[in-house]
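# Tertiary structure, described
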Amino acid sequence: MNEKSEPFVPKALRDVWAWKDAIYREVSHLPVEEAVRVVMEKAAKTARKYEWMPARDCDADIPAVAESRAPYGKEKN
């Protein structure tokens, strides 16, 4: 088979990439520290709304940010 095809990427992973891109666009105009603060505040508000975690834990300082998009699929030789 000589056709080059795109590697299979699960729909769930494509959805996560779209979600991350949307979040980035929403805060891209802000300095990094402010952007992280805004994202964390919204995440805490959502967690409290759906009772995913106790409210006292939602406001904890989290010193990490998710990594950027990683390549997915087979390695090219």
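Residues numbered from 1 in each chain as written. Predicted model: local features only at pLDDT ≥ 70, side-chain atom pairs only at ≥ 80, totals over all residues. Heavy atoms only, no water.

## Notes on the pattern of salt bridges
Heads up, the rule is: Salt bridges, as used here, are contacts in which a Lys or Arg side-chain nitrogen is within 4 Å of a carboxyl oxygen on Asp or Glu. Helix and strand assignments follow DSSP, with helices taken as H or I runs no shorter than four residues and strands as E runs no shorter than two, numbered in order from the N terminus. Burial here depends on accessible area, computed with a 1.4 Å probe over protein chains only, as a share of the maximum for the residue type. Under 20% is buried, over 50% is exposed, and the range in between is partly exposed.
Taken as a whole and assessed by the stated rule, the structure comprises four salt bridges. Lys11 serves as the salt-bridge partner of Asp15, at 2.8 Å between the closest nitrogen and oxygen. A residue pair is termed a helical-turn pair when its members lie 3 or 4 positions apart in one helix, as Asp15 and Lys11 do in helix α1 (residues 11-27) at four residues. Taking the relative accessible area as the measure of exposure, Lys11 reaches 54% and is therefore exposed.

## Considerations on the confidence of the model for the protein
Where we set the bar: Every residue is assigned a pLDDT by the predictor, reflecting its confidence on a scale from 0 to 100.
Averaged over every residue, the pLDDT of the protein is 78; the share at 70 or more is 64%. When mean pLDDT is taken per element in the protein, α1 scores highest with 94 and helix α3 (residues 55-58) scores lowest with 52.

## Points about the packing of α1 against helix α2 (residues 32-49)
Heads up, the rule is: Each axis is a line fitted through C-alpha atoms, and for a helix only the stretch in contact is used; angles between axes span 0 to 180 degrees, taken between their N-to-C directions. Note on terminology: angles under 35 degrees are roughly parallel, angles over 145 are roughly antiparallel, angles of 65 to 115 are roughly perpendicular, and the others are oblique. Crossings are classed by handedness, with left-handed meaning an anticlockwise turn of the near helix from the far one by less than a right angle and right-handed meaning a clockwise turn. A contact between two residues is defined here by any heavy atoms of the two lying within 4.5 Å. Nonpolar residues are Ala, Val, Leu, Ile, Met, Phe, Trp, Tyr, Cys and Pro. Charged residues are Asp, Glu, Lys and Arg, and all others, Gly as well, are polar.
Axis separation between α1 and α2 bottoms out at 10 Å; the angle between their running directions is 125°. Of the possible angle classes, the one that applies to α1 and α2 is oblique. α1 and α2 meet at a crossing whose hand is right-handed. Residues Ile23, Glu26 and Val27 of α1 form the contact with α2, whose participating residues are Ala35, Val38, Val39 and Lys42. Tallied by class, the residues present in the contact of α1 with α2 amount to five nonpolar, no polar and two charged.

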